Amino acid sequence: MTLAARNNFIRIATLMVLILSVVCIAAFIIMLVRGTIPSIPDQARPLGILATIPFMPHSPVAALAAISFLPLLSLTGLIYIMFAFEKTQTTEITFFAAGVFTLALEAFRIVIPFNELWMNTGFILAAVSRISLFCRLFIVLCLLSSILFTTGETTQQIGPAIFLTAFFSFSLVNAVPFNTSNLTTTWVVPPGYSGMLYLFLGILGLLAAISYRVQGRIRNAPEYSRAAWGILLLLTGYALLIVCDSWILFGVGVFAIIQGAWRYLRQIHRYYLWQ
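Everything numeric in this text was worked out from a predicted model, so none of it was measured.

(A) Highlighting the overall build of the protein chain. Of the regular secondary structure elements, the protein chain holds nine helices and zero strands. Each of the three principal axes of the protein chain carries a C-alpha extent, and together these read 55 × 35 × 35 Å. Burial status across the protein chain gives 52% buried among its 275 residues. By sequence separation, contacts in the protein chain at least 24 residues apart represent 79% of the contacts at least 6 residues apart. For the protein chain, the exposed surface amounts to about 12800 Å²; the carbon and sulfur share of it is 71%. Counting 15 positive and 8 negative side-chain charges, the protein chain places the centres of these two groups 6 Å from one another.

This is the structure we're talking about:
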């Protein structure tokens, strides 16, 4: 993928995310004004243990705020990348930008409460849930791929690599069963074998961070080692926001994902600034 092609991709992605952000936030505001935000029983919380913690009460508004925040974060990240890395040919940022763009697709979850689609609409519930699972898998794979494809010989293979990553994520997501009668308080249906699946995602995320640490030692580049901590913070914040149904989870998740993304982008920018 050439530098010009990457920049065009980021511009198009930014425009698409802008539209998605406006629609998502508008839906959120409409529900707030109308007072039509539905509440799912506490028993349906993705982390059931939270229902027993007094200072983490279930808040459907917090869940919707987390959904609306993700496309805004995606938009901000793409705009920063578009200007800060406009003239920098970097494999890491190309994969990172693809993951940041996909982050905005979590906004599709707001369709369910806005249109009350949990009533006899199993197909739509499953479709939205598969989109969310695709986002989570693709983002983690992009972070891992960003460090695996850092040699000059693979620069022209970034486009096909991103396509194969998306194809693998799409294929896996469509092979996972969903029981549409188990809607959670985060407006998504949990996938079958969810424990094993999210453990797999956690291992991939940890491998991505370790790979950056290893690359930092090999290249004698402390920026890579510090970027590894950014990845861990980013993924921790993302994990909290996708299970967010209380204001404490929202606050901690927003702080972690912003700090992680900023730390990662700043360190990668600093590394290439001197190349």
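Next comes the rest of the account.
(B) Main features of unusual backbone geometry. Look at Tyr193: it is not a glycine, yet its phi comes out positive at around 55 degrees. Considering the arrangement of structural elements, one finds Tyr193 in the loop between helix H6 (158-175) and helix H7 (194-219). For Asn220, which is not glycine, the phi dihedral falls at a positive 55 degrees. With respect to the helices and strands, the residue Asn220 is situated in the loop between H7 and helix H8 (222-242).

(C) Highlighting the packing of aromatic side chains. Scanning all chains against the criterion turns up ten aromatic pairs. Ring centres of Trp247 and Phe250 lie 5.5 Å apart, and the angle between their planes is 85 degrees; this geometry places the pair in the edge-to-face category. Highlighted residues: Trp247 and Phe250, both in helix H9 (residues 247-273), separated by three residues, approximately one helical turn. Ring centres of Tyr271 and Tyr272 lie 5.1 Å apart, and the angle between their planes is 90 degrees; on these two criteria the pair is classed as edge-to-face. Judged by its relative accessible area of 12%, Tyr271 falls in the buried class. Classification of Tyr272 by relative accessible area gives buried; the value is 18%. Joined through ring pairs, the aromatic side chains of Phe96, Tyr212, Tyr224, Tyr264, Tyr271 and Tyr272 make up one cluster.

(D) Structural detail: the pattern of salt bridges. A full pass over the atoms with the stated rule returns four salt bridges. Here Arg11 and Glu86 are joined by a salt bridge, their closest N and O atoms 3.9 Å apart. With Arg11 in helix H1 (residues 3-34) and Glu86 in the loop between helix H2 (60-84) and helix H3 (91-103), this pair connects stretches of sequence that are 75 residues apart. Residue class for Arg11 comes out partly exposed when judged on its relative accessible area of 39%. For Glu86, a relative accessible area of 33% translates into the label partly exposed. Between Asp245 and Arg45 there is a salt bridge; the shortest N-O distance is 2.9 Å. Taken together, the positions of Asp245 in the loop between H8 and H9 and Arg45 in the loop between H1 and H2 put the pair 200 residues apart, joining distant regions of the chain. Like Arg45, Asp245 is buried.

(E) Spatial organisation of the environment of Phe83. Following the sequence through the fold, Phe83 ends up in helix H2. For the pair formed by Phe83 and Tyr271, sequence separation is 188 residues and the distance between their alpha carbons is 17 Å.

Rules used in this analysis
Residues numbered from 1 in each chain as written. Predicted model: local features only at pLDDT ≥ 70, side-chain atom pairs only at ≥ 80, totals over all residues. Heavy atoms only, no water. Helix = DSSP H or I, 4+ residues; strand = E, 2+ residues; numbered from the N terminus. Buried < 20%, exposed > 50% of the residue type's maximum accessible area, 1.4 Å probe, protein only. Contact = heavy atoms within 4.5 Å. Areas by Shrake-Rupley, 256 points an atom, 1.4 Å probe, with all protein chains shown as cover. Lys, Arg positive; Asp, Glu negative; His and termini not counted. Charge placed at Lys NZ, Arg CZ, Asp CG, Glu CD. Phe/Tyr/Trp six-rings, centres within 6.5 Å; stacked < 30°, edge-to-face > 60°. Salt bridge = Lys/Arg side-chain N within 4 Å of Asp/Glu carboxyl O.

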